[in-house]
Every structure is written in C-alpha cells, then in structure tokens.
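# Per-entry structural report
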Amino acid sequence: MPPRRIVLALVAGVLLVGVAIGVPLGWTWWQARQAQSALEQAVTALQDDDLDAAEAHVEDARTHADRAVATRHGVMGAAWRHLPVLAAADDDVRRLADALDDLTSVAETGLVVLPQLSGDEGSLVTDGRVDLRALREVLAGFDEVRDRVADAQGELAAVDAGAPLLGGRIADLRDDGLAGLDPVQRGLDSLAPLADVLPDVLGADRERNYLVAILNPAEQLYSGGTPLTFTPMSVRGGRIEMGAPQDTATHGRAFVPRYWPKVDGNPFHRGRLRIGTATFAPDWTVSGEEALRAWRSLRGKQMDGLVAIDVMALRDLVALTGPLEVPYYGTITAENFVPTLIGSYDSIPDYRVRHQVNQALVPIFRDRLFATGQFVEKIRALSDNAAGRHFAVYLRDPDAQAAFSRLGLTGELSGTDHDYLGVFSQNAVPSKTDYWQSRTVTSDVVLAADGSARVTATTRIHNDTTPYPFRGRDPRQGYSTRFATLSLAQFLPRGASDVVARVDDAFFTPHVGDFYGRPFLRRTVPFRPQATHELAVAYDVPGAAARSGDELVYRLDVDPQGLVRPSAINVTVHLPADYEAVDLPDGWVELDEETIGWGGSALISRQSFEVTLALRG
C-alpha cells in the first residue's frame, strides 16, 4: 500500500475511534446537562410559586434523565464497554447517570407532595385540623426522598474517575454533584427527627395539651416580649381546639405573685413570681418550663409544651393571609399591625379596650396558622421569626424537643465554646418603652496567636421615645410613660475571665453569674426620654479560635433579642501578628492587612461564623 494511503488509513482509523468515543460520550453529557438545567429551572419556578412551570421542567428533566440512563444501560452502553477509553470510564458514567435519575425522582416526589403543603389549596391543614392521613403520605414521600438522595450520594461516592483522558472531567462532575448534595443531606438530616415525632406531637396516639403565649415586644424580658395572653390548646387526632384566652392584664390571679417549683439551676427565678414574669430566662428551654409550671400552679393542668409567639411574628402571618378586623381599631393590615397594636397605647387608656385588643391576637394565631392553604409559607415565616427570637416552641418530650431544636425552633441560646455575643435587656419597671428602644452592639476582638482573645463589647441604647402625650407629669411607669428602667445583661463566652465593666464613664465591679455554664453579668440603668447610655464589658476569652497546624479558626456566635427595632451590630477582629484571613464568610470584609470586620444595621437572626487565618507566606 502506498505511504499516502497508509497515512490516510491511519488518520481515518483515529477519527473513527474519536467518533466512537466522542459521540456517545457527548450524547450522554448533553442529556445530563439538559436534565440538570431543567431541574434548576424547576427550582426557580417553585421559588416564583409557579407550580405548573415547575412540573413542566421536571417532566423535561425526566425525559433527558431517562435517555441518559437508557444510553448507559442499553445496547450502546454495552458496546461502549469494549471501546478504547470508554471501557475504563463505563462504570463511572453509569453511576453518574443513575445519580441523575435519583435526583430527578426526588424532584418528582417533591411535586407530588408539595400541593398538599403549599398554595391556597394545600390540604394538609384545613380549618383547624391537620389531616393525619395526608401527613403520613407526606412523610412517606419524605422517606422516599431520603432514600433517593442516599442512593445518589452512594453512586457519586463510588465514582473512581481513574479513566485515561476522561478521568479529570468525570472527577469534576462527581465532586460538583457531591457538593450540591451536601446541603440537601444536611437539611434532610435536620428534618428526619421531626418526621419521626410529628404525628405524636399532633395527637395521633393521645390528646396533647399546649400553652400558647402571645408576647409583647414593647415590654422586653430577657427571653423576648412579656406575655400578654396565655391560651390553652389541645390537639387530638390532628384536631386543634383553643381554650379561653387568659389575659394577664385583666385576670387578677395571674398578677398575684406565687410559688411554683423552679427549674433547677435557673438564676432568674427567685422567690414568688407572676406568670407574666415567669419567662425571665433568655433560653426558652428554661423559660418555657417555668411558664408551664406557673400555669399548673394557677390552673392545675399539666401541659405537654408551650408555643411562644410575639406580635412581630403574628404580623408576618397577617402578611401571608390578609387583613383582619380588630375591636376598636377596625381593619388592620401587615403594614400597620405593629404600630397600631403595640405602638399606640396612648389612644386606648381604657384597660377594657386593651383587654379586647390582647384577646384579638389569639385568633390570629389560631385562625391564620391553621387555616386552609399556604402551610409551607407559614412555617417558613415562623422559622424566620424563630431565628430572630420572635417565635419559639418548647416540648417536654425529649425526642420531640430535640427534633424541633435541630430546626432552630426552640429559642435556645447558642452553645458555642468559642467567642459569643448575647446582649439582652429587661424592663425592670413595667412600661412599654421598649417599643422605641434603639440599640447598637459593637465587639472589638484582639486575637492572640494561641487562640485566646481580649474582647471589649459595648452596647449603646437610645431611649428614642416620642414626647409624653398627656398633661401633667410623666408617671415614669405604665402604658404611657416615656421613662425606661432597663436591666441590661451581657452573656459572655464560656470560660471568660478578668471581666471589667462600666456604664457610661462609671466603672463598677460586676457580679458574674452562671447560666448553665455561660457566664453573664447585668446592670440596671434608668433612661430619661431621649437619653442614651452604654454598657461596656471587657473580658478574656480562652478559646476564641482553635489552632490546627499553622492555621487559626476564629469562631463567633451571635444571638439576637426579639426587639421591635432590631439591634445594629458591628464586630472588629484584630489579627495576630503575621497572620492573614484566608477564608472570610459572607458579609465579612478585610478592613486592612491586620483587621477584619462584619456588621450591619439590623441583627434579625442568629449568626454563626468561622474565619480561617493562616501565617503569611
């Protein structure tokens, strides 16, 4: 054969091999990309509440996923196993296709379940009743989703990516897939315990009894707003019944100080208390139990748990479900809800009218939360409010409490062993001036190379009231006063020492108490109208950062208080000599070579950060 023909034959052979490898691989790759794109479009459609479009995109994803799977498992896939290069990649490509099939099935299951939970026609909750049969179907779908995600993770984890030429690309696909599944798996892990306990919480096996506390954030306790109203709630077989509201402003027995067995170790329960002040402790696992014990001392009824919800969270339910009629005020919308109901006491000096308004808040919780439709949207709103400490659930059953805790719904303080910020105020003389409280918290952290730190935390509070609206002298307490007397509490990192404190320019020797392993101090400060005062506390933190070789990982948790006006927050961290930040979380910035910072005008939810530092190269 002439040399030219030999060369042409060789070139043709190479091209044929290339086509044999490239066309099948390209076909599988294109189908997978189309399926992935369709699933991403489905997620976007769901975020826009367009269920029809989401269903169309998932159907499209299924078509492409089936083609990819059929290609890998069919005749062409069998032929590939005998082709150069592709034979070594065959198992990996098959696993990638199977993982895509599993994820498409997850989307399909979600679309079957979602209509029962979301939108105006959601049937899981209908007029005060949870359909337990529908709930079991939802939970069965959840189990299927868990299984499919686990299968997808297993397929991806088994991808070897060792094939020549193709191994690097396959490894990228595997790693991207596993990274995308990690947050999904974490979410499923958080929900799994809830799926196990939810039927029992809803009275599937026996009647459950809960206490609903409506909180007023215009008068703060360390836990949040002072309870306006307590209402018993029973649940049996999914049927929810609300008892008669007990308004603490007009039921005399609720205002009589009394004894009940304190929660062991609670430093904020001393002597006799009123049920309206049972919730001093900032952690709702403590305050919730205190409130249930107080209720039993009043009503002789043992309850299974407590739901605490404040006016800010009720406003968000109204935003979802529409305006309502309130005695004396008429039509109330989400926009005027808070200023009307807790910001205008001057216009309702008659306590009987205030009693009517307080009792009108209970049906908002009952009728709006348990009305037909928008269940997912309502739960999302309550979850967001729980992150800001406007909503909390406490359950006496340990498994149920743990399940709700993993979802961040139980109002607990952070348990971090590293740096921590938790500033809370308590209305020491009864008034509604916390409605105007304007707070800024700053933390200046000087970090050492051994992971310890010297921290100076400063809380600046402005009593930003309107003028006293009536003739005569301000009574300095009660509904209309513009004077405030606040017990300011700073909760410190575990192991904090060498604590120094001042109010304005006056230093004082702080008494450092213990709240279940977390040190704290407090100081009572009187505020005139429009006055500003600051509490500054400096302390050593033994383990603000953890060492790992030449790296330091600084960790900070911040708990908010459920104020009407969220606190502003600013954190500055001075790095040890010769260190630099190599991994800044979202929101953090490099101020200069030796300083980083984070902050904002409104601390609306709990924050948890890790900042990685390394020696400069």
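Read on for an overview of the structure. (Residues numbered from 1 in each chain as written. Predicted model: local features only at pLDDT ≥ 70, side-chain atom pairs only at ≥ 80, totals over all residues. Heavy atoms only, no water.)

### So, the overall build of the protein chain
Basically, it comes down to this: Under the scheme used here, helices are H or I runs from DSSP no shorter than 4 residues and strands are E runs no shorter than 2 residues, and both carry numbers assigned from the N terminus. Contacts are assigned to residue pairs that have any heavy atoms within 4.5 Å of one another. What sets the accessible areas is the Shrake-Rupley method with a 1.4 Å probe; for residues, cover comes only from the shown protein chains.
When helices and strands are tallied, the protein chain shows 13 helices and 26 strands. Restricting the contact set of the protein chain to residue pairs at least 6 apart, pairs at least 24 apart contribute 71%. When the accessible surface of the protein chain is split by element, carbon and sulfur atoms take 53% of a total near 27,700 Å².

### Describing the nonpolar core
As a rule of thumb, soluble globular proteins bury nonpolar side chains together. What counts, and what does not: Side-chain atoms within 4.5 Å link the members of a nonpolar core, which is a set of buried Ala, Val, Leu, Ile, Met, Phe, Trp, Tyr and Cys residues. Between buried and exposed lies partly exposed: a residue is buried under 20% and exposed over 50% of the maximum accessible area for its type, with that area taken using a 1.4 Å probe on protein chains only.
Within the largest apolar cluster, 64 residues are counted, with the highest numbers of intra-cluster contacts made by Ile-309, Leu-314, Phe-337, Leu-361 and Phe-365. Per element, the largest residue contribution to this core is eight residues, and it comes from helix H11 (residues 351-369). Discounting chain neighbours no more than four positions away, the residues touching Leu-314 are Ile-214, Ile-309, Phe-337, Leu-361, Ile-364 and Phe-365. Formed by 43 residues, the second largest nonpolar core is a distinct cluster that contains Leu-492, Val-525, Phe-527 and Val-558.

### Overview of the environment of Asp-550
Note that Asp-550 resides in the loop between strand S20 (545-548) and strand S21 (551-559). Each C-alpha atom, one on Asp-550 and one on Ala-614, is 6.1 Å from the other, the two residues being 64 residues apart in sequence. Apart from the residues lying within four places of it in its own chain, the contact partners of Asp-550 are Tyr-579, Leu-613, Ala-614 and Leu-615.

### Comments concerning the sheet that holds strand S22 (residues 568-574)
Rule in force here: In short, DSSP must find at least two bridges between two strands for them to pair. For helices, the axis comes from a line fit to the C-alpha atoms of the stretch in contact; other axes are also lines fit to C-alpha atoms, and the angle between any two N-to-C directions lies between 0 and 180 degrees.
Here eight strands make up an open sheet; going across it, the order is S16-S15-S19-S13-S12-S22-S25-S24 and the pairing mixed. Every interior strand has two partners, whereas the edge strands, strand S16 (506-508) and strand S24 (589-592), have only one. Averaged over all pairs of adjacent strands, the angle between their axes in this sheet comes to 20°, without regard to strand direction. Examined bridge by bridge, S24 and strand S25 (residues 595-600) share three bridges and lie antiparallel to one another. By the bridge assignment for S25, Glu-590 is matched with Ile-596.

### Details of the environment of His-269
For His-269, the position within the fold is in the loop between helix H7 (252-255) and helix H8 (284-299). The class for His-269 is buried, based on a relative accessible area of 5%. For the pair His-269 and Phe-280, spaced eleven residues apart in the sequence, the C-alpha separation amounts to 7.7 Å. With near-sequence residues (within four places) excluded, His-269 lies in contact with Trp-260, Lys-262 and Glu-290.

### Brief notes about the packing of aromatic side chains
Keep this limit in mind: The aromatic pairing rule takes the rings of Phe, Tyr and Trp, using the six-membered ring of Trp, and pairs them if the centres are within 6.5 Å, calling planes under 30 degrees apart stacked, those over 60 edge-to-face and the rest tilted. Lysine and arginine charges are scored as sitting over a ring when NZ or CZ, respectively, is within 6 Å of the ring centre and within 35 degrees of the ring normal.
Per the counting criterion, the structure on display carries 14 aromatic pairs. Pairing Phe-230 with Trp-295 gives two aromatic rings, centres 6.4 Å apart and planes at 45°, and the pair type is tilted. Placement of Phe-230 in strand S4 (residues 224-236) and of Trp-295 in helix H8 is noted, with a sequence separation of 65 residues between them. The class for Phe-230 is buried, based on a relative accessible area of 1%. Taking relative accessible area as the criterion, Trp-295 reaches 4% and is therefore assigned buried. Three or more aromatic residues joined by ring pairs form one cluster here, namely Tyr-222, Phe-268, Phe-424, Phe-491, Phe-515, Tyr-516 and Phe-520. A cation sits over an aromatic face here: Arg-299 above Trp-295, 5.5 Å from the ring centre.

### Digging into the pattern of salt bridges
Convention followed: Salt bridge, as used here: a side-chain nitrogen of Lys or Arg that lies within 4 Å of a carboxyl oxygen of Asp or Glu.
Overall, the coordinates contain 16 salt bridges when judged by the stated rule. Here Arg-396 ties to Glu-289 by a salt bridge, and the two come within 2.9 Å at their closest N and O atoms. Here Glu-289 lies in helix H8 and Arg-396 lies in the loop between strand S10 (391-395) and helix H13 (398-406), a separation of 107 residues in the sequence. For Glu-289, a relative accessible area of 9% puts it in the buried group. Close ionic contact of Arg-454 with Asp-540 constitutes a salt bridge, the shortest N to O distance being 3.1 Å. Within this pair, whereas Arg-454 is found in strand S13 (residues 453-463), its partner Asp-540 is found in strand S19 (residues 532-541), the two being separated by 86 residues in sequence. Using a relative accessible area of 26% as the deciding quantity, one classes Asp-540 as partly exposed. It is possible to trace a salt-bridge network through shared partners that takes in Glu-289, Arg-293 and Arg-396.

### Digging into the packing of helix H9 (residues 311-321) against helix H12 (residues 375-387)
For clarity, the threshold we go by: The scheme is simple: roughly parallel for angles under 35 degrees, roughly antiparallel for over 145, roughly perpendicular for 65 to 115, oblique for anything else. What makes a crossing left-handed is the near helix being turned counterclockwise from the far one by less than a right angle; a clockwise turn instead makes it right-handed. All amino acids are sorted into three groups, where Ala, Val, Leu, Ile, Met, Phe, Trp, Tyr, Cys and Pro are nonpolar, Asp, Glu, Lys and Arg are charged, and the leftover types, Gly among them, are polar.
The contact between H9 and H12 brings their axes to 10 Å, and the two run at 155°. Between H9 and H12, the angle is such that the two are roughly antiparallel. Once H9 is placed against H12, the crossing between them reads as right-handed. Two secondary-structure elements touch here, H9 through Met-312, Ala-313, Asp-316, Leu-317, Leu-320 and Thr-321 and H12 through Glu-377, Lys-378, Ala-381, Leu-382 and Asn-385. Grouping the constituent residues of the contact of H9 with H12 by class yields six nonpolar, two polar and three charged.

### Thoughts on H9
Selection rule: N or O atoms closer than or at 3.5 Å make up a polar contact, with two conditions inside protein: a donor-capable atom paired with an acceptor-capable one, and, for residues adjacent in sequence, both atoms drawn from side chains.
Listed as buried for H9 are Val-311, Met-312, Ala-313, Leu-314, Leu-317 and Val-318. The opening residue of H9, the one whose side-chain oxygen lies 3.0 Å from the backbone nitrogen of Met-312, is Asp-310. Once H9 ends, the next one or two residues include Gly-322, with phi positive near 105°.

### A few points about the pairing of S19
Across the ten residues that make up S19, a large majority, eight, are buried. Relative to S19, S13 is paired through ten bridges, and the arrangement is antiparallel. Counted as the bridge partner of Arg-454 is Asp-540 from S19. For strand S15 (residues 497-503) and S19, the ladder comprises five bridges, and the chain directions are antiparallel. Following the sheet pairing, Arg-502 is matched in S19 by Ala-536.

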